[in-house]
Amino acid sequence: MRILIVANFCLDFNGNVDGRFLYLAELLSQRGHDVELITSDFSHSTKNRKELPLQNAYKTKLTYCHEPGYVKHVGIKRLWSHYEWGKNVMKYVKTLEKPDLVYCAIPSLTAAKLLAGYCKKKHIRFAIDVQDLWPEAIFMFIHNKLLQLFTIPMKWYANQSYRAADYVIAVSETYMKRALSVNRKCSKHISVFLGNDKAYFEQGLNFLQEKPKDEFWINYVGTLSYSYDLKCVIDAIAMLNEQQVVNKKLRLVICGDGPLRKQFEDYAKARHIDFCFYGKLPYVKMVGVMCSSDVVVNCITKGAAQSITNKIGDYALSGLPVINTQESDEYRAMVEKYQCGINCECGNSEQVADAIEKLVNDRNLCKLMGYNSSVLGRELFDRRHTYLQIVNMITQ
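Residues numbered from 1 in each chain as written. Predicted model: local features only at pLDDT ≥ 70, side-chain atom pairs only at ≥ 80, totals over all residues. Heavy atoms only, no water.

Engineer: Can you help me understand the overall build of the protein in this one?
Structural biologist: Counting its secondary structure elements, the protein contains 15 helices and 13 strands. Against the compact-globule benchmark of 21 Å for 396 residues, the protein has a radius of gyration of 21 Å, which places it among compact chains. Counting only C-alpha atoms, the protein reaches 70 × 50 × 40 Å along its principal axes. Looking at the protein as a whole, 57% of its 396 residues qualify as buried. Put simply, of all contacts in the protein between residues at least 6 apart along the chain, 72% involve residues at least 24 apart. Side-chain charges in the protein split into 51 positive and 41 negative, and the spacing between the mean points of these groups amounts to 7 Å. (Helix = DSSP H or I, 4+ residues; strand = E, 2+ residues; numbered from the N terminus. Rg over C-alpha atoms; globule rule 2.2 N^0.38 Å. Buried < 20%, exposed > 50% of the residue type's maximum accessible area, 1.4 Å probe, protein only. Contact = heavy atoms within 4.5 Å. Lys, Arg positive; Asp, Glu negative; His and termini not counted. Charge placed at Lys NZ, Arg CZ, Asp CG, Glu CD.)

Engineer: Could you clarify how one ought to interpret the pairing of strand β3 (residues 61-65) in this entry?
Structural biologist: If a strand is regular, its side chains alternate between the two faces of the sheet. Of all five residues in β3, four are buried; the element is thus mostly enclosed. Pairing between strand β2 (residues 34-40) and β3: five bridges, direction parallel. Each residue of the ladder has a partner; that of threonine 39, found in β3, is tyrosine 64. (Pairing = 2+ DSSP bridges.)

Engineer: Sorry if this is basic, but what is going on with unusual backbone geometry here?
Structural biologist: Each neighbour pair has its own omega, and for isoleucine 106 with proline 107 the value is -5°, a cis peptide bond. Within the secondary structure layout, proline 107 lies in the loop between β4 (101-106) and α3 (110-122). In this structure, serine 108 follows proline 107 across a cis peptide bond, with omega equal to 10°. Along the polypeptide, serine 108 turns up in the loop between β4 and α3. For glutamine 244, which is not a glycine, the phi torsion comes out positive at approximately 55°. Here glutamine 244 lies in the loop between α8 (230-243) and β9 (249-255). The class of glutamine 244 is exposed, set by a relative accessible area of 69%.

Engineer: How should I be thinking about the sheet that holds β3 in this particular structure?
Structural biologist: The strands making up a sheet associate through backbone hydrogen bonding, with each pair oriented either parallel or antiparallel. Within the open sheet, the seven strands sit side by side as β3-β2-β1-β4-β5-β6-β7. Their pairing is parallel. The sheet terminates laterally at β3 and β7 (188-191), the two strands that pair on one side only. With direction set aside, neighbouring strand axes in the sheet form an average angle of 15°. The sheet contact formed by strand β6 (residues 167-170) and β7 spans four bridges and is parallel. For tyrosine 167, the partnering residue across the bridge sits in β7 and is lysine 188. Sitting on the sheet, helix α2 (residues 76-93) touches β1 (2-6), β2 and β3, and the angle it makes with β2 is about 150°. (Axes fitted to C-alpha atoms, helices over the stretch in contact; angles between N-to-C directions.)

Engineer: Honestly, a positive patch on the surface in this entry has me stumped. Any pointers?
Structural biologist: Where like charges cluster on the molecular surface, the positive patch consists of Lys94, Lys98, Lys121 and Lys122. On the secondary structure map, lysine 121 appears in helix α3. With relative accessibility at 66%, the residue lysine 121 sits in the exposed group. (Patch = residues over 30% accessible without salt bridge, like charges linked within 9 Å, V, L, I, M, F, W, Y side chains within 5 Å. Areas by Shrake-Rupley, 256 points an atom, 1.4 Å probe, with all protein chains shown as cover. Salt bridge = Lys/Arg side-chain N within 4 Å of Asp/Glu carboxyl O.)

Engineer: What is the right way to read the side chain of aspartate 235 from this model?
Structural biologist: Mapped onto the fold, aspartate 235 is located in helix α8. Look at aspartate 235 and you get buried, because its relative accessible area is 18%. Excluding anything up to four places from it in sequence, aspartate 235 contacts Tyr267, Arg271 and Ser349.

Engineer: Sorry, what's going on with empty space enclosed by the protein here?
Structural biologist: Gaps left between atoms are located by rolling a probe of water-molecule size over the structure's atoms. With the rule as written, the count across this model stands at two cavities of 30 Å³ or more. Reported here for the second largest cavity is a volume of approximately 30 Å³. Lining the second largest cavity are Ile300, Thr301, Ala304, Gln306, Gln326, Glu327 and Ser328. Broken down by class, the residue content of the lining of the second largest cavity amounts to two nonpolar, four polar and one charged. (1 Å grid on protein atoms, 1.4 Å probe; cavity = no way out; pocket = protein on both sides within 12 Å on 5 of 7 lines; lining within 4 Å. Points joined across faces, edges and corners; volume = space filled by probe spheres on them. Nonpolar A, V, L, I, M, F, W, Y, C, P; charged D, E, K, R; others polar.)

Engineer: Please explain the state of the cysteines as it appears in this structure.
Structural biologist: Any covalent bond linking the sulfur atoms of two cysteines counts as a disulfide. Within the structure shown, the criterion is met by zero disulfides. Summary of cysteine pairing: cysteine 255 is not part of a disulfide, and the nearest cysteine sulfur, belonging to cysteine 276, is at 8.0 Å. With a relative accessible area of 3%, cysteine 255 lands in the buried category. Residue cysteine 276 is classed as buried on the basis of its relative accessible area of 19%. (Disulfide = S-S within 2.5 Å.)

Engineer: I keep staring at the nonpolar core and nothing clicks. Help me out?
Structural biologist: Generally speaking, nonpolar side chains in soluble globular proteins are found buried as a group. Ranked by internal contacts, the top residues of the largest apolar core, which has 69 residues, are Ile218, Tyr220, Leu250, Ile323, Ile356 and Phe381. Here the element with the most residues in this core is α8; it accounts for nine residues. Every residue in contact with isoleucine 218, bar those within four places of it in the chain, is listed here: Val233, Ile237, Leu250, Arg251, Leu252, Val253, Val295, Val297 and Ile356. Cys65, Trp85, Val93 and Trp134 belong to the second-largest nonpolar core, a separate cluster that totals 40 residues. (Core = buried A, V, L, I, M, F, W, Y, C linked by side-chain atoms within 4.5 Å.)

In structure tokens, the structure reads:
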């Protein structure tokens, strides 16, 4: 079977099998399928041109289509950049031998919408993999009235792609239901969380940090941006320090970078808490820092559209209890079902402080919730097993 996978936000192809779509492409290639992965030549995370891929490191054919690029995560230039990339993808696909299946990530939206029409015209099976909800996910960041006008067509683009899909795959039940709300023909659909390869994840155990016995580390992993409420966690730690109700020294350990890093650092200093910002680390080193910690925090801003994100899979694989403020019903239910952490009200620093206090002072509870977290990671977030569900569905 000849399969095209189209995904804008792939990582660099440096010899590792990182990211959902390269991992899936390699699984399909290893099973004898002719797979080509088409992505952007622009890196969303670094805002620079990507290095040329190491073609001989993979079974999959790797192709870059040009994207003009942008500086700000949210802005008109980014929307235009994705629009141009989608057109370039479509031009390239039209030069290729007709595939049996096109597998397209959403977002971005222009490529998906154009490919949906192409597949319908050419009678090609069309699969979508919903990574995020656009425009829903960006509404909370938009204050510019002109930019709001530019997002009006986005919902139509998304719905056109959702309706055309013969297969719907999504990174959460929430996102899958959104796609199926406008697609009445699709009988083949599945939610498979982002997750990671457990064997690759465990390479990070070679980078464990030395932690003093009298310290309790509270770890956050991810982008330091507008969707993440680290101030709530900082306030909770400051509150516990003032009350002197825990028997260990609390330390906030942060792995990640982003536009609000300085703001969070300044706030932590102003609240006089003990903290360490590692910045953005290579994945295995990040895992080492995270697994050296005692608990992890999933602190997402009120009203954010995120559901089951990348960090949730890493948190589960770490075997650490999670303190969660995310509003997502899907994730809150998961925490309750597996008893792998404590759900708190979004933005409620007092509840977060109570959760930290409980886990610091009750080591048995902390260990039990950590064990339950590892069960969750094994069952739902280990790509070695979960991604086979996608492979089996689209190739049968």
